[in-house]
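Results of the structural survey
Here's the letter readout for the chains.
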Amino acid sequence: MADYIYTMEIRLTPDQQRGVTLVQDIARDAGMNIYLTGGAVRDIISGFPIRDLDFTVQGNPLKLQKQLEHAGALVASADDDLKTLYLVLPGNVRAEISSARTERYEKTGKPPIIAPGTIIEDLRRRDFTINAMALSLNPGSRGLLMDPFNGAADIEAKLIRILHNYSFMEDPSRLIRAARFAARFHWPLEERTQARVQSAKENNYIEYITDRAIGQEIEQLAYEDDPLHIVRVLEKEEYLKVLNPHWSTAKVDAAGLGELMKTRQQMNQLGYTPDPSPAVLYFLTARLGDLEDNAKDLAKRLTGKEAATPSRTWKLLSEARPEMILFLDVTAKQQAVAQKIKNFLGKWRQVQQKLPLLEMTELRITPQMPEYPKIAHDVFMLLLDGKLHSRTEILKFLKPLAPPPPPPPPPLKRGRAAKAAAGAPQPAAVAAPVVGKKKGKGAAAIAPVPQPPPKAEAAKAPNPPKAEKHKLPKKTASPSNKTTAAKKKKGKKRRQAAR
């Protein structure tokens with residue numbers, strides 16, 4: 001179980017991995033079991049490039065449309081009959097979400113009778129064993145491979161095998177699909193499958209193909225890695241005329257198609273993921289639609305004032321659709337336009353390496369700054385236009401934009417107890433002694449002088465109540481006091497005489 005999850009994670013591109021997580025989480029929140037199915041599982045196991053993502057849910061995927069759009073997915077179309085959503089997920093990832101169903105054909109070329117089904121019943125209705133596999137994305141069984149028709153063995157044997165004898169009679173478009181798969185993978189048809197193909201040709205089942213199936217097969221050609229090879233095989237099998245009576249390899253611009261694939265590969269290496277299908281169809285059919293007109297408009301802008309400087313040209317091409325750049329690089333007849341696109345894809349990107357990242361870090365101009373993207377962009381634009389040349393000039397431009405140095409650290413704070421002890425007054429060292437004139441009766445004692453309380457305690461002490469003031473009478477010498485003093489003086493003289 002874990003091996004297939006690991007294989008899936010290393011085989012999917014980062015954008016495809018995010019797409020799987022997005023769809024998986026939305027389906028789980030809606031209470032639907034979800035599986036990765038069909039060609040995605042086939043390509044994960046076989047090692048071929050994963051072109052798109054096919055999901056199957058047990059439920060109605062049309063109910064997920066609002067949540068998918070809110071998460072950034074573009075809903076290209078929705079099929080109410082088949083209960084299928086066709087999406088472009090963030091990162092230009094093509095995806096399809098269909099409901100698990102059963103199909104019963106009553107007549108060749110007629111739409112099937114559809115009913116809800118289990119995931120195994122859904123796999124049973126498919127075309128070839130290599131497409132009848134599913135990988136669970138549900139909690140508890142995530143990574144479980146369901147392969148009821150042993151498609152993994154056919155991948156290992158490099159064989160294309162139909163599921164049952166009536167496959168081509170039920171859906172004649174499978175004849176074109178078998179030829180397309182054989183050409184893409186360079187795998188032969190299994191012996192019984194080849195016999196059924198021959199029987200279908202003899203009975204001319206292909207004439208019952210529907211217009212909808214024709215449109216789907218033409219669309220698939222536009223996403224092939226080697227579309228010219230596929231077209232040649234289809235022409236040999238006489239299926240190209242089925243897709244379009246006037247179509248032939250003679251009308252394919254092989255040289256332009258080759259240049260298109262080469263430029264597409266270069267852009268992929270630079271991180272761009274353009275949708276090549278419109279341009280591929282242009283070279284395959286000599287018809288283009290609005291792509292040619294849009295490309296001509298971009299070429300005109302590239303020769304005007306809007307692209308007068310390298311920095312303006314960079315801005316213009318950065319905002320243009322990648323498909324326009326891809327197509328215009330191959331079809332542009334003006335040398336100035338072709339050179340600007342060439343510089344945009346190559347030469348000018350080397351200028352970005354001149355940014356002094358180390359010195360910018362020393363100046364504290366780092367990606368963590370909100371202004372960093374603008375500063376880096378401005379320096380790059382000035383370098384493109386030749387207004388900054390040397391590292392010294394770059395640093396001179398950057399220094400005024402550097403943020404101020406951080407403030408010095410605050411001084412260490414002492415504890416509250418230490419601060420209180422330092423601010424408190426010291427108590428008196430020695431208390432005043434008690435002194436008396438004589439011992440015994442009549443001795444007068446001198447009380448110690450009271451010290452004022454500390455400021456902190458005085459502040460905390462409550463204010464004493466104010467005492468009422470009483471006026472005391474002045475002391476006057478009374479006659480009785482004078483007599484008493486005279487008697488004491490006489491008594492003292494007698495005692496001295498007696499001695």
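Residues numbered from 1 in each chain as written. Predicted model: local features only at pLDDT ≥ 70, side-chain atom pairs only at ≥ 80, totals over all residues. Heavy atoms only, no water.

1. A short note on the confidence of the model for the protein
- Chain-level pLDDT for the protein is 84 on average; 81% of the residues reach the 70-or-more range.
- In the predicted structure, residues 429–447 sits below a pLDDT of 50 and forms 11 contacts with residues beyond four places in sequence or in another chain.
- Low pLDDT, under 50, characterises residues 456–461; the stretch is placed with 1 contact to residues that sit more than four places away or in other chains. (pLDDT = per-residue confidence, 0-100. Contact = heavy atoms within 4.5 Å.)

2. Remarks on unusual backbone geometry
- The phi angle at K158 is positive, at roughly 60 degrees, despite the residue not being glycine.
- The backbone of R364 sits at a positive phi, close to 65 degrees, despite the residue not being glycine.
- Mapped onto the secondary structure, R364 falls in the loop between α20 (357–362) and α21 (372–384).
- Its relative accessible area of 35% is what places R364 among the partly exposed residues. (Helix = DSSP H or I, 4+ residues; strand = E, 2+ residues; numbered from the N terminus. Buried < 20%, exposed > 50% of the residue type's maximum accessible area, 1.4 Å probe, protein only.)

3. A short note on the packing of aromatic side chains
- This structure, assessed with the given rule, holds 10 aromatic pairs.
- Ring centres of Y282 and F327 lie 5.1 Å apart, and the angle between their planes is 90 degrees; this geometry places the pair in the edge-to-face category. Here the residue Y282 occupies a position in helix α14 (residues 277–285), and F327 occupies one in helix α17 (residues 322–331), the gap between them amounting to 45 residues. F327 matches Y282 in its accessibility class, with the two residues each being buried.
- Chaining the aromatic ring pairs together yields one cluster made of F48, F128, F181, F185 and W187.
- The positively charged end of R94 is found above the aromatic ring belonging to Y223, 3.4 Å away from the centroid.
- Positioned over the ring face of F344 is R349, at 4.9 Å from the centre of the ring. (Phe/Tyr/Trp six-rings, centres within 6.5 Å; stacked < 30°, edge-to-face > 60°. Lys NZ or Arg CZ within 6 Å of the ring centre and 35° of its normal.)

4. A few points about the side chain of S277
- With respect to the helices, strands and loops of the structure, S277 is situated in helix α14.
- Classification of S277 by relative accessible area gives buried; the value is 9%.
- A distance of 2.8 Å separates the side chain of S277 from the side chain of D275, its partner in a polar contact. (Polar contact = N/O pair within 3.5 Å; in protein donor to acceptor, adjacent residues only side chain to side chain.)

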